[in-house]
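Listed here are the chains, written in short residue letters.
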Amino acid sequence: MVEHRITILPGDGTGREVVLEAQRVLDAISNNSNIGFEQEVIPCGGQHFLETGKVWTEGSYEFCRDESDALILGAIGWPGAKLENGDLAGGEVILGLRAGLELYANVRPIKLYEGVLHKVHDKFAQHWQPELVDMVVLRENTEGLYHSLLHRSALKVNGKSDYEPPQLDFPGLEGEVAWDPRPISQNGSERLIRAGFEIASQRSGNSDGKSSVHCVDKSNVTRGCQLFRKVFKEVSSSYPKINAEFAFIDAFTMWLIRNPEWFDVVVTSNMFGDIATDLGSVLQGGMGMASSANIGDKHGMFEPVHGSSPKHAGQNKVNPIATILSVQQMLGWLGNKNNDQELLNASVVIDQAVAEHLKYGKELTYDLGGTASTSQVGTSIAQRISDILSEQ
Ligand code: IPM
Ligand code: MG
């Protein structure tokens, strides 16, 4: 039996609680199939920094890079956890891995499952059909407005010194000026956009069955976005069956809420994708439902889109489904990478178990209108996974 080496980075707050449910799901799969998982947990993050003075023990980055087949991350960020230079404590973990392992595509599905109400407004909740919300947003994950911090974090995990962007003169500005450069490269754009078209080729389109990739940018204003759009046009010409569409980010946020059925696959730059996917989560029932995959050519890290949620931490009450769906993305990615049908099947089974749980299950966390705990939801979904696998 092949053992897949899964490294788990719980991080902060509720991240520590939801990864336990990811582990429960992995156990359910390995107990009912020929798939084996070797799980290693590495404590890390801002809380860990406050407790121990380090964001993780030395060698952790190398372990993630060299001794792991895939990574699961809970959440990073804790009030008051800042490094001396003002950077987020724990940035080395989330951003160091994204940049260091070249996880250039942050793949964030926005899908509304049957039985779940969207959160645009309670009054409209009943008037929305799940089939209208089923898209995937790809957020560029290694450059853009995050570039300086990403680069600093990557240098740190590699034991090198700090990086500060060059100091420039800004005509017309006086007094102290802080700035974050937003470099966008041909290469970084191309690999992300290509990943978007590849995903679109494997999907069955939007709710009208139309396959498309939307280029979401602000190319009427910024040069980086002009380059991104130029590269998009070049890449799109090798995918004649997929419609190449365009939207400016400001208008996109409006259409996302007003006409989510228009969208199949969306590609966008780093910060726009960060913001748009939090907004998109209201279409899918909230942050407790939003999963993500950070994918590169060699490595993958899988994490819920939500943060550490300090106000809910330690209460075993947040929704673990975003994390469980991130595990589903992980097994799909590992299955494709290794050409392993059993892993691909396990990924489909997780999706089926979540869908059935949401349609028929009684255990739901507070955000979905229930009173169940994190572990009750995780246990119930893990049980469904075991049942489906043992009947196969
Ligand atoms: C996310 C988060 C992170 C980001 C933070 C925690 C650095 O908001 O994964 O979306 O901004 O990328
Ligand atoms: Mg975010």
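See the structure above.
Report follows, based on the coordinates. Computed from a predicted model, the values in this text were never measured in an experiment.

### Re empty space enclosed by the protein
Okay, step 1: In the structure shown here, the tally under the stated rule is 2 cavities of 30 Å³ or more.
Okay, step 2: Computed from the structure, the largest cavity encloses a volume of approximately 50 Å³.
Okay, step 3: Lining the largest cavity, in full, are Leu83, Asp87, Leu88, Gly90, Gly91, Glu92, Leu149, Arg152, Ser153 and Lys156.
Okay, step 4: Of all the secondary-structure elements, those providing two or more residues to the lining of the largest cavity are α4 (91-100) and α5 (147-157).
Okay, step 5: Element by element, the count of residues in the lining of the largest cavity is highest for α5, at 4 residues.
Okay, step 6: When its volume is computed, the second largest cavity comes out at roughly 30 Å³.
Okay, step 7: Partitioned by chemical class, the residues of the lining of the second largest cavity number 2 nonpolar, 4 polar and 2 charged.

### Notes on the site of ligand 1
Okay, step 1: Close contacts around ligand 1 come from Ile76, Arg98, Arg108, Arg139, Tyr146 and Asp274, and that covers them all.
Okay, step 2: Between ligand 1 and Arg108 there is a distance of 3.0 Å, counted from an oxygen atom to a side-chain nitrogen or oxygen.
Okay, step 3: Asp274 has a polar side-chain atom sitting 2.8 Å from an oxygen atom of ligand 1.
Okay, step 4: More than half of the atoms of ligand 1 fall within 2 Å of the grid points belonging to the second largest pocket.
Okay, step 5: Of the residues that constitute the shell around ligand 1, the class distribution is 2 nonpolar, no polar and 4 charged.

### Some points on unusual backbone geometry
Okay, step 1: Its identity as a non-glycine residue notwithstanding, Glu102 has a phi of 55°, on the positive side.
Okay, step 2: Here Glu102 shows up in the loop between α4 and β4 (105-111).
Okay, step 3: Judged by its relative accessible area of 42%, Glu102 falls in the partly exposed class.

Calculation rules
Residues numbered from 1 in each chain as written. Chains lettered and ligands numbered in written order. Predicted model: local features only at pLDDT ≥ 70, side-chain atom pairs only at ≥ 80, totals over all residues. Heavy atoms only, no water. 1 Å grid on protein atoms, 1.4 Å probe; cavity = no way out; pocket = protein on both sides within 12 Å on 5 of 7 lines; lining within 4 Å. Points joined across faces, edges and corners; volume = space filled by probe spheres on them. Helix = DSSP H or I, 4+ residues; strand = E, 2+ residues; numbered from the N terminus. Nonpolar A, V, L, I, M, F, W, Y, C, P; charged D, E, K, R; others polar. Near = heavy atom within 4 Å. Polar contact = N/O pair within 3.5 Å; in protein donor to acceptor, adjacent residues only side chain to side chain. Sits in = over half its atoms within 2 Å of the grid points. Buried < 20%, exposed > 50% of the residue type's maximum accessible area, 1.4 Å probe, protein only.

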